[in-house]
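Descriptive analysis of the structure
Residue-level listing of the chains:
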Amino acid sequence: MSDEDRDNPRREFLRKSLTLIPVVTLAGSGLGSTVLQAAPESAPATAPAKSAAVAASTYQPSYFTAEEWAFINAAVAQLIPNDAQGPGALEAGVPEYIDRQMNTPYAAGALWYMQGPFNADAAPEMGWQSKLVPKEIYRLGIAATDQWAKSINGKTFAEQDSATRDDLLKQLEAGKPQFDAVPAKIFFSLLLQNTKEGFFCDPIHGGNKGMVGWTMIGFPGARADFMDWVERNEQYPFPAVSIRGERA
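The paragraphs below set out a description of the structure included in this document. (Residues numbered from 1 in each chain as written. Predicted model: local features only at pLDDT ≥ 70, side-chain atom pairs only at ≥ 80, totals over all residues. Heavy atoms only, no water.)

**Regarding the packing of aromatic side chains**
Cut-off, in case you're wondering: Only centres within 6.5 Å qualify two rings of Phe, Tyr or Trp (six-membered ring in Trp) as a pair; their planes then separate them into stacked at under 30 degrees, edge-to-face at over 60, and tilted for everything else. By the criteria applied, helices consist of DSSP H or I runs no shorter than four residues and strands consist of E runs no shorter than two, each listed in order from the N terminus. Categorising residues by exposure relies on relative accessible area from a 1.4 Å probe, with only protein chains included: less than 20% of the type maximum marks a residue as buried, more than 50% marks it as exposed, and the intermediate range marks it as partly exposed.
All chains considered together, the criterion is met by 12 aromatic pairs. For the ring pair Tyr138 and Phe187, a centre distance of 6.3 Å and an interplane angle of 90° mean the geometry is edge-to-face. In this pair, Tyr138 is assigned in helix H5 (residues 134-153) and Phe187 in helix H7 (residues 184-200), connecting sequence segments 49 residues apart. The exposure class of Phe187 is buried, given its relative accessible area of 0%. Put simply, the rings of Tyr59, Tyr63, Phe64, Trp69, Phe71, Tyr138, Phe157 and Phe187 touch in pairs and so form one group of aromatic residues.

**So, the pattern of salt bridges**
Applicable threshold: Put simply, a salt bridge is a Lys or Arg side-chain nitrogen that is within 4 Å of an Asp or Glu carboxyl oxygen.
This model, assessed by the stated rule, comprises 3 salt bridges. Ionic pairing is found between Glu68 and Arg139, a salt bridge with its closest N-O pair at 2.8 Å. Here Arg139 lies in helix H5 and Glu68 lies in helix H3 (residues 66-79), a separation of 71 residues in the sequence. Glu68 sits in the buried class, given a relative accessible area of 8%.

**Overview of the packing of H3 against H7**
Our working rule: Here an angle of 0 to 180 degrees is reported between the N-to-C directions of two axes, which are lines fitted to C-alpha atoms, with helices fitted over the stretch in contact. Orientation categories follow fixed angle ranges, with anything under 35 degrees roughly parallel, anything over 145 roughly antiparallel, 65 to 115 roughly perpendicular, and all other angles oblique. By definition in these notes, contact holds between two residues if any of their heavy atoms fall within 4.5 Å.
At a minimum axis separation of 10 Å, H3 and H7 run at an interaxial angle of 70°. Our classification of the angle between H3 and H7 gives roughly perpendicular. Facing Phe71, Ile72, Ala75, Val76 and Leu79 of H3, the residues of H7 in contact are Phe187, Phe188, Leu191, Leu192 and Thr195.

**Side note on the packing of helix H6 (residues 162-174) against H7**
The condition is simple: Residue classes follow a fixed rule: Ala, Val, Leu, Ile, Met, Phe, Trp, Tyr, Cys and Pro count as nonpolar, while Asp, Glu, Lys and Arg count as charged, and any other residue, Gly among them, counts as polar.
For the pair H6 and H7, interaxial distance at closest approach is 6 Å and the crossing angle is 115°. With respect to H7, the axis of H6 lies roughly perpendicular. Packed against H6, whose contacting residues are Leu169, Leu172, Glu173 and Ala174, the element H7 presents Ala184, Lys185, Phe187, Phe188 and Leu191 at the interface. Here the residues of the contact of H6 with H7 sort into 7 nonpolar, no polar and 2 charged.

Following this line, the structure appears as structure tokens:
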């Protein structure tokens, strides 16, 4: 299977799973998603992605270590790749979004009820079902994944080729590796959830630079009123607008 055959269904999944995106997307706690679905649909890349890629390369993480940062960049680029359909997670600044979230009350679980008992099989509406908070899940999950990857061929996750990274992520999603510190499935679900949030959030939160995520799905952003276009089944004719007033 070629890289294009693998990547296009991933991006189509994003288009179909997010038909209406909130103007302000803060990090959530939903668990469980499937990466590979459906068939490709082309969308042109946008000019702002070039400057976004430069910004992403110069951002210095405040929470993640250098090794963890390498994992985050490699993982999100695998989940939402830069391809013929448009910019990917790196160009959208998703790593910056995730790092910035690690310094919020959300990442420390300060907004949730964190007393047991915890039921890993509970329905999502029952809330967070782990004694670990997001920043701990990332720290423990990245370390466990890199150690697991090294046990296979001596390389960390970020050092693997694209096909191997794909396979490792699929195994994480299925919960196959048995990590002592954190369940693999919970780690993957949090990573995927935050990656999608960073791709579609308002740029004020560090992700969706150049509003590339909104442009891909035709979301108008923080406009005062666009509801008269919702039922027209037509492409919205104006560019997306961010909370700061930036235009795509």
